[in-house]
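# Coordinate inspection notes
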Number of protein chains: 4
Amino acid sequence: MSRAIQQLGRRLRLGVIGGGPESFIGAIHQSAATMHGEFGVVAGVLSSDPGRALTAAKLVGIPRGYSSPRALFESESQRQDGVDAIAVITPNNSHYDYSMQALAAGFHVMIEKPLTITEKEGIELLRTLRQTGKCGCVAYGYTGYPMVRQARAMVASGVIGEIKMLQSNYVQGHLAELTAGELDGSNWHMNPEQAGPSLILGDIGTHSYHLLSFVTGMTPVQLSADVTNIVAGRTVDDYCAIWLRYGNRARGQLWVTQAAAGGVHGLGFTIYGAKGGLVWQQEQPDELLVRPLDAPAYMLKKGGKGLHPAAERASHLAIGHPEGYREAFANLYLDFASHIVDNISGNSPDPLSLWYPTVSDGVEGIAFIYAALRSRDNGGQWETI
Amino acid sequence: MSRAIQQLGRRLRLGVIGGGPESFIGAIHQSAATMHGEFGVVAGVLSSDPGRALTAAKLVGIPRGYSSPRALFESESQRQDGVDAIAVITPNNSHYDYSMQALAAGFHVMIEKPLTITEKEGIELLRTLRQTGKCGCVAYGYTGYPMVRQARAMVASGVIGEIKMLQSNYVQGHLAELTAGELDGSNWHMNPEQAGPSLILGDIGTHSYHLLSFVTGMTPVQLSADVTNIVAGRTVDDYCAIWLRYGNRARGQLWVTQAAAGGVHGLGFTIYGAKGGLVWQQEQPDELLVRPLDAPAYMLKKGGKGLHPAAERASHLAIGHPEGYREAFANLYLDFASHIVDNISGNSPDPLSLWYPTVSDGVEGIAFIYAALRSRDNGGQWETI
Amino acid sequence: MSRAIQQLGRRLRLGVIGGGPESFIGAIHQSAATMHGEFGVVAGVLSSDPGRALTAAKLVGIPRGYSSPRALFESESQRQDGVDAIAVITPNNSHYDYSMQALAAGFHVMIEKPLTITEKEGIELLRTLRQTGKCGCVAYGYTGYPMVRQARAMVASGVIGEIKMLQSNYVQGHLAELTAGELDGSNWHMNPEQAGPSLILGDIGTHSYHLLSFVTGMTPVQLSADVTNIVAGRTVDDYCAIWLRYGNRARGQLWVTQAAAGGVHGLGFTIYGAKGGLVWQQEQPDELLVRPLDAPAYMLKKGGKGLHPAAERASHLAIGHPEGYREAFANLYLDFASHIVDNISGNSPDPLSLWYPTVSDGVEGIAFIYAALRSRDNGGQWETI
Amino acid sequence: MSRAIQQLGRRLRLGVIGGGPESFIGAIHQSAATMHGEFGVVAGVLSSDPGRALTAAKLVGIPRGYSSPRALFESESQRQDGVDAIAVITPNNSHYDYSMQALAAGFHVMIEKPLTITEKEGIELLRTLRQTGKCGCVAYGYTGYPMVRQARAMVASGVIGEIKMLQSNYVQGHLAELTAGELDGSNWHMNPEQAGPSLILGDIGTHSYHLLSFVTGMTPVQLSADVTNIVAGRTVDDYCAIWLRYGNRARGQLWVTQAAAGGVHGLGFTIYGAKGGLVWQQEQPDELLVRPLDAPAYMLKKGGKGLHPAAERASHLAIGHPEGYREAFANLYLDFASHIVDNISGNSPDPLSLWYPTVSDGVEGIAFIYAALRSRDNGGQWETI
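Below is a summary of the structure that appears in this document. Since this is a predicted model, take the numbers as computed values, not measurements.

### Notes on the relation of the copies chain C and chain A
- With an RMSD of 0.0 Å, the operation that places chain C on chain A is a rotation of 180° combined with a shift of 0.0 Å along the axis. Both copies are brought into coincidence by an operation consistent with a two-fold rotation axis. No C-alpha of chain C lies nearer the rotation axis than that of tyrosine 298 of chain C, which sits 2.0 Å from it.
- The fraction of interface residues of chain C whose copies in chain A are also interface residues reaches 100%, indicating that both copies meet through the same surface.

Printed below as a string of structure tokens:
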């Protein structure tokens, strides 16, 4: 049952920029936004080519196709039934412009990660968001999994004690060999001008980094980085190893690559505190392994009894009925929608809805990328983030 | 991209009977039908109470709420934009009537399992469906998982040789103790008049039974059954053990219960042929373990290379991005929609779309239930199915 | 530190009948008996061929080789430093004779399973053992695993409540095809005269059956059996499915085969009581999964804190250091030795040492085999065990 | 069947220095050396206290107890039936002296790790060993597991292509809190004078480091290290993170700690080459996961078909029968014995026997420790090993 419909008497209306019929992440956004009936996708610009943009909107079944973001913003901001929020799903180097324009036009924003190309852009975007008072979400989709939220709740409540060691792997295999898309230039992810200064850091490294921050609420103060590529002939980074140092002497480690031949998805984290550990693997997302200091390890399962409300609200099916990546993503939209509804209604926001990843998180992600590159350039020296 | 929209120029229109705002399976049907844009849910009767039916439709956001199935069938069959198909999600004892009425009104039908209460009803329903030439799906949702389809394709192509042993567990724990719903009579699943003669056989036993048939294409000729309850004070069956015999001397076994204290969902199958085995567990649905006779066991993953087209079309996200129960269910609707579109268009059906479970499968499920009860009543004697 | 040496001032002395240089189980017995220094293997008859028996003893390094069991019994019973115990590791049809002779000669006996060929022999052997007051162990080696003992202790203490469902798989693959040894008659396991009336029941079925009894302390009152072979051209049984009924209405199930193409070892059990479940798999023997009714599942590990003394005494290395099949077998010898030492010393036995499987268990195993065959012959009828 | 007995006509004779009745590793060495009948333990000095040394030898059942290593070396070197080899199991700071004395007395040496305290000692010991022509093994016991050897064979044969990424975790939990042994000074591992300059590097870090070298045959050229402690009040290191760089641009990573609250044993490795990956976890030692670039992941199992001879000779039980830590350790002794027998007989050594870890490996381990400490002292700077 949609909270938007219940409280506002209508679905929220979403406009999408980017994410055409062939786009993986475009389909995810649309299906996630509508899964629980919070949003209807009513407007869109699905290609940077004006003609294809209109055709694609029709094909995908979006009622109001536009030929450009500018056209969408102008028209929708004047309609009574105009969109409430914009999802920016374009190549990375246009996130900043479209997000700023969307805010200027009065819309809430859902922005793909990495937030922007430069730190300066990120900070400016955050400042603007705060001025407008709108809601802004950065699509770190993995934080929508119920058991990631359960992990966060358990750390916050002290179940595993003071955090001592944080580790995240993101060891993919899909770039274990040179790909057509990087050889012929058709894959914008491989083009630093569109994707930003480091493929591996921006594409998936920020996910690992954010996940550790999201779960522990801790921001590291320093990092040391080894960022390189391991596939011969590749010009962009496909490997990074990062060490993190926290204020309380805790240590963090990341191993992130897309070039692990035979690897699948490979995202997960292991976090040890003074009283125990937590282990989560994205490929079995419904499970969270808890390792107490003085008791046997136990397995929490999505939908089980006694989970934190933030995990419960992110789980929609009974225990043992798997929910996946799409459902995790939908949870970001659920919280984002809840926040928007409260914003529109003038209510103070439901605290649980604020667990979605924010533009501020996005700024931290960009700072992480640049700190890692500085460290790499200085032979792995410890850099302040 | 919706095949319906591409070919018909519009989404298919679905009407739902049953599955109100509190219903687990009701929400699943609606979200599954719309996930890939094949169907819009445009009409519904969401309660047997006329007043609540109208309120519920409004609440859930279904445009055309009706106070009774009869009203819906009459009105929708006369509208130009009337529904194409009806989903029957009511208590078991009304499946037959509503399905027959839906067919009579000219609609395709999606029917929850078990198909009917009696074998006679099932056979009559199947006969009527064939006469009308409409499409009919029975919601054995677990067959929508990509790796279940992969298993079926591998058996069909002989990868594991002639089938010798088939085993399925469905060992749940949610009825390990007496529940409020059975003590106060509010849970219709516990009422044989509404649910049929055996809770355990009808509620989940048919899933295990159908899964083995679906994967192997084999129908057993005889069974021996032990059907009982193991929780003191319960009046309905919560446990069954079934042995199956096949024409080729293969042996099958089912262990199905809802009363395993500490059990979670517990559905899976293990099938051995002369050349190897296949193992699948619903709680890790993206994986299929293959055990060849003369080589190491290997793990196929949803989204991986080299899978059968029937598995590929049921997988919508890249390898390592989990898809769950909702997505499996959506695959039934995808195939059902594809069949309907071909039916409307007068095309011969896409063979891959015909992998969805049919009314004929539903009839076999009812036959299984009665054969098991006969065997139980005869002290476990072997009964012809 | 050997308890025998500590208390008696010397190692116990073991004589072995059977188990020559090529024998799998012969090597296991010798290595298990000596692992913790309880026994020295000082005498043996390692072949039924007198010449080869002497050569083999020399080859294996057994000080006193004999040409026949009779010669061994006569000589050893008259030596001051004669053996304390005899291990009977010969083909099944000679277990009875050699065990009776060993008892008559004044020795304790360790006997391979199945105990005997006929029930009558088993009962006679048990009677004789009791008359002599000697110690007798039947080599159900899997009961020596620490976590099997932990499971037994947990059932006994009521952790999972009254037992409701018992299940054991033993699904091996090594006879998935006809083997040279059965075609040329060289494998005595395939010869009913030497091995007994049913390969599958005697060879591994008794292990599954005994394991359930060992862990729960419950003996079933009735069984129904389907015993057959599934490999074309085979003359002995390679498959059985068994249902068990217990006095308290609990239900048991066995699925046992050696003909699962691609299967490995495949022994394990799942037991549910009114308050939770236990799952153990022999291929990961150091772990016991506990599924409480109202709490998350947890994993007990060998060597961890808080285990029952019977599990602790069977674990010799720190947590996380795997112990295997050989160590499990050695635990039988440890307990057997402890019992013998108390017997020799005239002390009342250490209760924990009495967890080893006894001749009485062996008799129950034979009764199980014959009850299963009677049921099979009567079309699966329920038979009293 | 013992190769020593077959070829020499007798068992090899082992003398042990250190490893008294309470010692974990002492019991392992004795049980490993004798498991397959290669060695008899015939002499020993089991305590640095002369009186206790004699008592302990008697208690453990070692025929010739000595009051000091000097006494043992003198006496055994003059006996006709004197020991062939010495196992040095004393605290780390005496490994050098006793090993040098053992070599001087004409014995082969089995030395616990870490080999010595200083690099200089290690190099001197290696030089002396070569001069004497004796066999020397360093007890990196984890290399004795069959599937570790299989991994090495697969890397050598190019199955996973040129090595690109190497990772090893060794994340234990037994020092997650301050222990009695470090507070009262009774645990020599916590005393740098006896244990060497870094607890974590010497105690378990060298295992991870050696395992990567053993499997890949690659020695890194540089490392960067973060070595510290994370438990408040501890004076020795309990955490290290290490990055490795190899000549071919491959990258390595270690995460090693004994202070992971809730951690168990936690040793394993993941290695990716250009054509695939290998994953092994010590707590499930019988399995090796292989991840090919273009095919599904498969699981090799100890005892399965088609393994490399070096893995086969290290596996003594049929597939599915677990073998553990003790058996792995015994494989070092088996190879060491084989080498000694060839050495005594004047035969060229069996190449497969030379897979045991050598004194040269031990020297590399010491070099690793000191390079890591230099890097730590220089703020994580890359250091040549």
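### Overview of the side chain of glutamate 383 of chain A
- Secondary-structure assignment places glutamate 383 of chain A in strand E15 (residues 383-384).
- Setting aside residues no more than four positions away along its own chain, glutamate 383 of chain A makes contact with Val221, Gln222, Leu223, Ala371, Arg374, Ser375 and Asn378 of chain A.

### Some remarks on the pairing of strand E2 (residues 39-45) of chain A
All names here are of chain A.
- Of all seven residues that make up E2, seven are buried, and the element is covered over most of its length.
- Note that strand E1 (residues 12-17) and E2 share six bridges and pair parallel. Within E2, the residue paired with valine 16 across the bridge is glycine 44.
- Across two bridges, E2 lies against strand E3 (residues 64-65) in parallel orientation. When the bridges of E3 are listed, glycine 44 appears paired with glycine 65.

### Comments concerning the state of the cysteines
All names here are of chain C.
- Applying the stated criterion to the full structure yields zero disulfides over all chains.
- Cysteine 137 takes part in no disulfide bond, and the closest cysteine sulfur, belonging to cysteine 135, lies 9.8 Å away.
- With a relative accessible area of 0%, cysteine 137 lands in the buried category.

### Thoughts on the environment of leucine 166 of chain A
Residue and element names in this part refer to chain A.
- Structurally, the position occupied by leucine 166 is in strand E7 (residues 163-171).
- Overall, the relative accessible area of 1% leaves leucine 166 in the buried class.
- Distance in space between the C-alpha atoms of leucine 166 and alanine 250 is 7.7 Å, their sequence separation being 84 residues.
- Those residues in contact with leucine 166 that sit more than four places away from it in its chain are Leu212, Thr216, Tyr246, Ala250, Arg251, Gly252, Gln253, Thr270 and Ile271.

### Topic: the sheet that holds strand E4 (residues 85-88) of chain A
All names here are of chain A.
- Reading across the sheet, the six strands line up as E3-E2-E1-E4-E5-E6 and stay open at both edges, with parallel pairing between neighbours. Looking at strand neighbours, the two that pair on one side only are E3 and strand E6 (136-138), the edges of this open sheet.
- Judged from the four bridges that link them, E4 and strand E5 (residues 108-111) form a sheet pairing that is parallel. Its bridge partner lying in E5, valine 88 is registered against isoleucine 111.
- Packing of helix H5 (residues 95-104) onto the sheet brings it into contact with E1, E4 and E5, and relative to E5 it is tilted by some 165°.

### Observations regarding the packing of helix H2 (residues 24-34) of chain B against helix H12 (residues 325-345) of chain B
Residue and element names in this part refer to chain B.
- Interaxial distance between H2 and H12 falls to 8 Å at its minimum, and their mutual angle equals 60°. Classed by the angle they form, the pair H2 and H12 counts as oblique. H12 is crossed by H2, and the crossing has right-handed handedness. The segment H2 lies against H12, with Phe24, Ile25, Ile28, His29, Ser31, Ala32 and Ala33 engaging Tyr325, Arg326, Phe329, Ala330 and Tyr333.

### Considerations on unusual backbone geometry
- A cis amide bond links lysine 113 of chain B with the next residue in sequence, proline 114 of chain B, at an omega value of -10°.
- You can see proline 114 of chain B is positioned in the loop between strand E5 (108-111) and helix H6 (119-132).
- At arginine 249 of chain A, a position not held by glycine, the phi torsion is positive, near 75°.
- Mapped onto the elements of the fold, arginine 249 of chain A is located in the loop between strand E9 (239-245) and strand E10 (251-257).
- Note on arginine 249 of chain A: relative accessible area 46%, which makes it partly exposed.

Each value, and the rule that gives it
- Residues numbered from 1 in each chain as written.
- Chains lettered and ligands numbered in written order.
- Predicted model: local features only at pLDDT ≥ 70, side-chain atom pairs only at ≥ 80, totals over all residues.
- Heavy atoms only, no water.
- Least-squares fit on C-alpha atoms with pLDDT ≥ 70 in both.
- Contact = heavy atoms within 4.5 Å.
- Helix = DSSP H or I, 4+ residues; strand = E, 2+ residues; numbered from the N terminus.
- Buried < 20%, exposed > 50% of the residue type's maximum accessible area, 1.4 Å probe, protein only.
- Pairing = 2+ DSSP bridges.
- Disulfide = S-S within 2.5 Å.
- Axes fitted to C-alpha atoms, helices over the stretch in contact; angles between N-to-C directions.
- Parallel < 35°, antiparallel > 145°, perpendicular 65-115°, else oblique.
- Left-handed = near helix turned anticlockwise from the far one by under 90°.

Keep in mind that these numbers describe shape and distance, not what the molecule does.
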